[in-house]
Amino acid sequence: MDTWDVVIVGGGNAAFCAALAARERCERVLVLERAAEDEAGGNSRFTAGAMRVAYDGVEDLRRLMPDLSDEEVARTDFGTYTEEQFLDDMARVTQYRCDPDLTEILVKRSRETLLWMREQGIRFVPIYGRQAFKVEGKFKFWGGLTVETWGGGEGLVAAWTHSAKKAGVEIWYRARALSLVADDDGVHGVRLRKEGRTVEVRAKSVVLAGGGFQANPEWRARYLGPGWELAKVRGTRFNTGDVIRMALDIGAAPVGNWSGCHAVGWERNAPEFGDLAVGDQFQKHSYPFGIMLNAEGKRFVDEGADFRNYTYAKYGRVILNQPGQFAWQLFDQKVKHLLRDEYKIKQVTKATANTLEELVTKLDDVDPGAALAEIRAYNAAVRTDIPFNPNVKDGRGTRGLAVPKSNWANVLDAPPFEAYAVTCGITFTFGGLRIDTQARVMSTDGEPIPNLYAAGELVGGIFYFNYPGGTGLTNGAVFGKIAGTSAAGGAR
């Protein structure tokens, strides 16, 4: 039987990083993609493409984005985002539970990994549209997030696919991995279904990069808890936990926040799974500039607790816990220019009115009397003596409310008013396989399983409770590259 040097299970960003890194060191590399080619790419295909990276100034960014013009640099304050800031953000939002060794590698290799991606044909651009507001004629980036892949997730997967084929990596589509071929000496291949037939491929090393279990409603209810089967899936329908199960079946160690996930505010009437034609545009992330009301007409969360990057991945869970699993986001005309592009798409559940009294009657499934009383109480509590500034945590909050708003509070008084209905959209799950710093999958006995490596969303121990925006793709890239290099080292 033919033997491959490295077989990668999965077809997204982490998988392709592993494939290209392995191909630099060995000849025969195979990628197994469960989906057909028109749905391929895993969750990476659905992402907006933001990548969190440490940088000490604009010159670091210019190495990543050589197309950045002098004129763009002159009109933009890119600031800095040091390794210390990145580490602090990871520790803070995960409540200091993130694995210190893996997190240090994630942060310290972020920049070199993105530079390597550029060498592989991935192009980066500044995130002007979503991460910078213009103040006094100058764009200012905020929240530690500056860089995105050109063309978003769609562009990223297309570029990776082109680069992999050019490098001689073989890709099999509609190739669903079923189990690992393993014995006392480690892993030797993968059993899979391809074109309706069960086949076995032999490999010197296997890299698992097939995503989390967010598209499996039974596992969501089992691990995340009651009600999670009702969440919408933001991305691919193919991340059902099969690849995690394959590893657990041969004694891999589970680790991390198995009851936690990345979940956001998502269009209430979006389909059950992600829609490639819409991409990530069902998300609704401008809530820091408005307020959110539940079915009882009550505010239930501090919309301005922090920059969107540090709250959006946990607020989906909060919305899911509301009566009916939904909420409405309310804005007035003063902040309409700050709303992200996703609010302008056709597929939105939206209400518009010239008075608050009229608006509350248009919020489906909401108690209108309670909603109007809540809005009036909020309006009366806003600290109008503090100036509004969307680029910083401006301290313009509320006084005396049971649920405060800490920053960016504005009185809702400039009609026409707009409201958008949201529910919970789950992105990926946080529990997964334990790996070491070489991306080797660890057994429940605490030893590496020979010839088995893992990267991406199926690795546990990195994210707990929450997540700094843009870290997922960076995590997949950093550990994908390490996994591919390690696997190819074992393949010699």
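Can you help me understand the overall build of the protein in this one?
Secondary structure summary: the protein contains 14 helices and 22 strands in total. Expected size for 492 residues packed as a compact globule is a radius of gyration near 23 Å; at 23 Å, the protein falls within 12% of this value. With the principal axes as the frame, the protein shows a C-alpha extent of 75 × 50 × 40 Å. Split into buried and exposed, the 492 residues of the protein put 62% on the buried side. In the protein, the proportion of contacts linking residues at least 24 apart, taken out of those at least 6 apart, comes to 74%. Total accessible area on the protein is roughly 18,600 Å²; 46% of this is exposed by carbon and sulfur atoms.

Got a minute to help me understand the pairing of strand β1 (residues 3–9) in this structure?
The two faces of the sheet receive side chains in turn, since in a regular strand these alternate between them. Where burial is concerned, most of β1 is hidden: six out of the seven residues are buried. Bridge analysis of β1 against strand β12 (residues 197–208) gives six bridges, and the strand direction is parallel. Bridge assignment links T3 to a residue of β12, and that residue is R202. Taken together, the four bridges between β1 and strand β2 (residues 29–32) define a ladder with parallel strand orientation. Counted as the bridge partner of V7 is L30 from β2. Following the backbone out of β1, through helix α1 (residues 13–23) and into the adjacent parallel β2, one traces a crossover that is right-handed.

Would you mind showing me how to read the pairing of strand β6 (residues 132–135) here?
Sheet topology note: the β6/strand β7 (residues 138–141) ladder contains four bridges and is antiparallel. When the sheet's bridge partners are listed, K134 is paired in β7 with F139.

What is the right way to look at the sheet that holds strand β3 (residues 50–51) in this model?
Strands pair in a sheet through their backbones, by hydrogen bonds, and they do so in one of two ways: parallel or antiparallel. The sheet built from three strands is open, its strands ordered β3-β8-β5 with antiparallel pairing. In this open sheet, the two strands that pair with only one neighbour each are β3 and β5 (124–126). Note: β5 against strand β8 (residues 147–149), three bridges, orientation antiparallel. Bridging across to β8, F124 finds its partner in T149. Against the sheet, helix α6 (residues 110–119) touches β3, β5 and β8, its axis set at about 120 degrees to β5.

In this structure, what is going on with the side chain of R220? I would like to understand it.
One can find R220 in helix α9 (residues 217–224). E272 is the oppositely charged side chain nearest to the buried, salt-bridge-free R220, at an N-O distance of 5.7 Å. Among the polar contacts made by the side chain of R220, one reaches the main-chain carbonyl oxygen of E229 at a distance of 3.2 Å.

I keep staring at the pattern of salt bridges and nothing clicks. Help me out?
A side chain with one charge can pair with a side chain of the opposite charge if their charged atoms come near. Going through the model one piece at a time under the given rule, you end up with 36 salt bridges. The closest approach of N and O atoms between E39 and R237, which form a salt bridge, is 2.8 Å. Of this pair, E39 sits in the loop between β2 and β3 while R237 sits in the loop between β13 (232–233) and α10 (242–249), placing them 198 residues apart in sequence. Where E195 meets K194, a salt bridge forms, and the shortest distance between an N and an O atom there is 3.6 Å. In this structure, a network of salt bridges that share partners links the residues R52, D89, R92, D306 and K393.

Is there a simple way to explain unusual backbone geometry in this structure?
Peptide bonds are mostly trans, and most non-glycine residues show a negative phi. The linkage connecting P415 with the following residue, P416, adopts the cis geometry, with an omega of -5 degrees. Within the secondary structure, P416 is located in the loop between α13 (368–381) and β19 (417–429). Positioned with a positive phi, Q325 is a non-glycine residue whose angle comes to about 60 degrees. Within the secondary structure, Q325 sits in the loop between α11 (312–320) and β17 (327–331). With a phi angle near 60 degrees, W408 is a residue other than glycine that sits in the positive phi range.

In this structure, what is going on with α6? I would like to understand it.
Because an α-helix packs 3.6 residues into every turn, residues spaced three or four apart end up facing the same way. When we look at burial in α6, the residues that qualify are S110, T113, L114, L115, W116 and M117. Note on α6: the residue one or two positions beyond its end, G121, has a positive phi of about 110 degrees.

Just checking my understanding: could you explain the sheet that holds β6 for this structure?
Spatial ordering of the open sheet is given by β4-β7-β6, a layout of three strands whose pairing is mixed. The sheet is open, and its two edges are formed by β4 (76–77) and β6, each paired on a single side.

Hey, could you run me through the packing of aromatic side chains in this one?
Aromatic ring pairs: the centre-centre distance and the angle between the two ring planes describe each pair. Tallied over the entire structure, the rule returns 28 aromatic pairs. Ring geometry for F78 versus Y128: centroids 6.5 Å apart, planes at 50 degrees, classification tilted. With F78 in the loop between β4 and α4 (83–93) and Y128 in helix α7 (residues 128–131), the pair connects residues that are 50 residues apart, well separated along the chain. Here the two residues F78 and Y128 agree in accessibility, since each one is buried. Ring plane angle 65 degrees and centroid distance 6.0 Å describe the contact between F428 and F463, whose orientation is recorded as edge-to-face. Residue F428 is found in strand β19, and its partner F463 is found in the loop between β22 (448–454) and α14 (471–491); the two are separated by 35 residues along the sequence. Note on accessibility: F428 and F463 belong to one class, buried. Grouping aromatic residues by their ring pairs yields a cluster made of F133, F289, F307, F388 and W408. For the cation-ring pair, K194 lies above W172, with the distance from its terminal atom to the ring centre recorded as 4.9 Å. The ring of W116 has K481 sitting right over it, with the charged end atom 5.3 Å from the ring centre.

What counts and how
Residues numbered from 1 in each chain as written. Predicted model: local features only at pLDDT ≥ 70, side-chain atom pairs only at ≥ 80, totals over all residues. Heavy atoms only, no water. Helix = DSSP H or I, 4+ residues; strand = E, 2+ residues; numbered from the N terminus. Rg over C-alpha atoms; globule rule 2.2 N^0.38 Å. Buried < 20%, exposed > 50% of the residue type's maximum accessible area, 1.4 Å probe, protein only. Contact = heavy atoms within 4.5 Å. Areas by Shrake-Rupley, 256 points an atom, 1.4 Å probe, with all protein chains shown as cover. Pairing = 2+ DSSP bridges. Right-handed = clockwise from strand over helix to strand, strands pointing away. Axes fitted to C-alpha atoms, helices over the stretch in contact; angles between N-to-C directions. Lys, Arg positive; Asp, Glu negative; His and termini not counted. Salt bridge = Lys/Arg side-chain N within 4 Å of Asp/Glu carboxyl O. Polar contact = N/O pair within 3.5 Å; in protein donor to acceptor, adjacent residues only side chain to side chain. Phe/Tyr/Trp six-rings, centres within 6.5 Å; stacked < 30°, edge-to-face > 60°. Lys NZ or Arg CZ within 6 Å of the ring centre and 35° of its normal.

From the geometry alone we can't say anything about function, so treat these as descriptive.
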